[in-house]
Each structure stands twice: as structure tokens, then as C-alpha cells.
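The residues making up each chain are set out below.
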Amino acid sequence: MQVSVVDYRAPDAAERFTRSLHETGFGVLVNHPIPQPLVEKIYADWLGFFNSEEKTGYAFSKETQDGWFSTEISETAKGFTQKDIKEYFHIYPWGRIPPSLKDDAMQYYGLANGLAAELLSWVEQHTPADIAKNYREPLSNMIKDSRQTLLRVLRYPPLTGQEPAGSLRAAPHGDINLLTILPAANEPGLQVQAKDGSWVDVPCDFGMLIINIGDMLQEASQGYYPSTIHRVVNPTGDGAKKSRISLPLFLHPRNEVVLSERYTAHSYLEERLRELGVKG
């Protein structure tokens, strides 16, 4: 299995990128429009936030799903019993954001959303006609005016050696949404599962942008675009002493968007949040 690295500026970028999504569920872009200095500043500033007591004033809301999720209440991946070794903060434009961190977060949210809409139009353009006819509306239209697209700032803390047996920074899982946009993290560890069950390291040089299919796009495309299982493995050696910061944007449709005969975007999301144990 080979996750393609595609130059965003290449004339055949849309076709090569979309083919990689179809074959592996993942694609990696270089020379994309998201500025690396902004990403690095967000990593550094939010690491300071996670290391402070300020975060406790933003404890997450079960109703709105915004704010800070501690390691004690972080997700348990579907089919697993151990919680992931991570804490995170959910950012929505309408939600709570620490004032000193808001401007950069909103700038990144806008840039990543704009790029994501373009990538969805690439996917739409290169979907075979017999699959595309099942889309209830254009993919890029599904996210228009959505209040559900989520920017998550993740911190995987240094390992102490006292972690429960079998626990991982992120256990194998699929994403819920349409597409996930992820700048390469400040530390490696992301792996994707090949069709034969083996695990493959995702290219993660600083400056790369990693995109993967979520379950909602798999549902809407009747499986043509696979929501590939991925995980974040625990580091060893010096890497175990470092925090890992990650900044995924989860592209969500509006609640009323019809994905398939079985699901609207809202009914799908509610089902999965209950499975993850973060919604009653």
C-alpha cells in the first residue's frame, strides 16, 4: 500500500490526489496554501495552554461538544475498552476559545475550510458517474454554512510508563466526517491500516498536509471512497518524553444533509458520539 504524496500545484494534482483517496482512503499534499509558520505557532501556543491551569476553565459541554476534554474523559475508540492517551480542545467559530489563542485558530480554521471545499470539489469532479449519481447534492455544497465543522487541537502527553496495558495515543479508528485535513504533527506516529491488515506509516514531514476520508463520505459514495482505519502509536526512546500536538479539521456537513437512505448527517453523528462515550 502506498499513500501518494501529491504536489498541490501540479496540473494533474486533482486526479492523482483523488485516485489516492479511492485506493487508500488517504492522500498527502505538499506545496499547499496553508502557511507552515502559522501551524507551528499554533502548536507552540496550544502546548503552553495544555500545560497550564487555564484549560480547566473550559471544561467541555455535553450539549455543545465544545471546549477542553481531559485525558480522563477522552474518547474510547469504537470496539475498544481503553481510553486513548490524549487530551484535546474542540473549536467551533460559535464556541468558546481562549482569547489569546482565538485569532490564529480562526485564521487557520478559515484557510483549512477553504482548502477543504476545494478538495471536495476535486473529489466530486473525479468520482465516476455511476457513483456520483448517488450524491444527494454536490459534495462541496454539503459543507456550505455548516456549524458542525470541527477544529480539534490534540495533545498526546509524554508517556509515564504507567499507562494501562494495551492503551495507545489513539486506538485504531475511522473518522466520522466527510474529509479530515491534518498538518503533519510535531512528532511521528500516524499509521494507516492496509487491506491485508498490516500497518503503514503515513508520510509526515513537517509541511505536509494529510487528508483522509471519513465515514460520512464513505456512506455517501457507497464505499467508493473508503474510510480507512488509522491509529497513533506510542513512541519509544526519547520520543516517549515529548508531547505530540496535532491539529485535525473534521469537515462536517450541515445537520440536514442526506448522506444515504439510512442516514442524515445529524443522525450519523449522534450515533457515533454515543458509541464514543462522549454523549449520553
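In what follows, the structure referred to is the one given above.
In this report, the structure presented in the accompanying data block is examined.

Rules and cut-offs
- Residue numbers restart at each chain and count upward from 1, following the sequence in its written direction.
- Confidence filtering applies because this is a predicted model: local features only for residues at pLDDT of at least 70, side-chain atom pairs given and counted only at 80 or more, and all residues used for totals across whole chains, interfaces and linings.
- Hydrogens and water molecules were not included; the side-chain quantities draw on all heavy atoms of the structure.
- Pairs of strands are assigned from DSSP output, requiring at least two bridges between the strands.
- Note on conventions: DSSP H or I runs of at least 4 residues are helices, E runs of at least 2 residues are strands, and numbering of each starts at the N terminus.
- To define axes, lines are fitted to C-alpha atoms, for helices over the stretch in contact only, and angles between the resulting N-to-C directions are given on a 0 to 180 degree scale.
- As used in this record, nonpolar core signifies buried Ala, Val, Leu, Ile, Met, Phe, Trp, Tyr and Cys residues forming a set joined through side-chain atoms within 4.5 Å.
- The buried label applies to any residue whose accessible area, calculated with a 1.4 Å probe on protein chains only, is under 20% of its type's maximum; exposed applies above 50%, and partly exposed to all values in between.
- The contact criterion used is simple: two residues touch if any of their non-hydrogen atoms lie within 4.5 Å.
- The working definition used for a salt bridge is a side-chain nitrogen of Lys or Arg within 4 Å of a carboxyl oxygen of Asp or Glu.

Bringing the sheet that holds strand β8 (residues 190–193) into the picture now. If you walk across this open sheet you meet the 4 strands as β6-β11-β8-β9, and the pairing is antiparallel. The outermost strands of the open sheet, each flanked by one partner alone, are β6 (170–173) and β9 (199–201). Recorded for the sheet is a direction-independent mean angle of 25 degrees between the axes of neighbouring strands. Taken together, the 3 bridges between β8 and strand β11 (residues 230–232) define a ladder with antiparallel strand orientation. In the sheet register, L190 faces β11, and the bridge partner there is V232.

With 60 residues, the main nonpolar core has W46, Y108, L119, L179 and I211 as its most contacted residues. The greatest single-element share of this core, amounting to 11 residues, is contributed by helix α3 (residues 99–125). Ignoring anything within four residues of it in the chain, the contact list for L119 reads F17, L29, L179, I181 and I211. Counting residues in each nonpolar core, the second largest holds 17 residues, with L190, V192, I210 and V232 among its members.

A word on the pattern of salt bridges. For the structure on display, the rule yields 12 salt bridges. Note that R9 is salt-bridged to D7, the shortest N-O span being 3.9 Å. The exposure class assigned to R9 is exposed, which follows from its relative accessible area of 60%. As a salt-bridge pair, R262 and E219 come within 2.6 Å of each other at their nearest N and O atoms. Residue R262 is located in the loop between β13 (249–251) and α7 (265–276), and its partner E219 is located in helix α6 (residues 215–220); the two are separated by 43 residues in the primary sequence. Residue classification places E219 among the buried residues on the basis of a relative accessible area of 13%.

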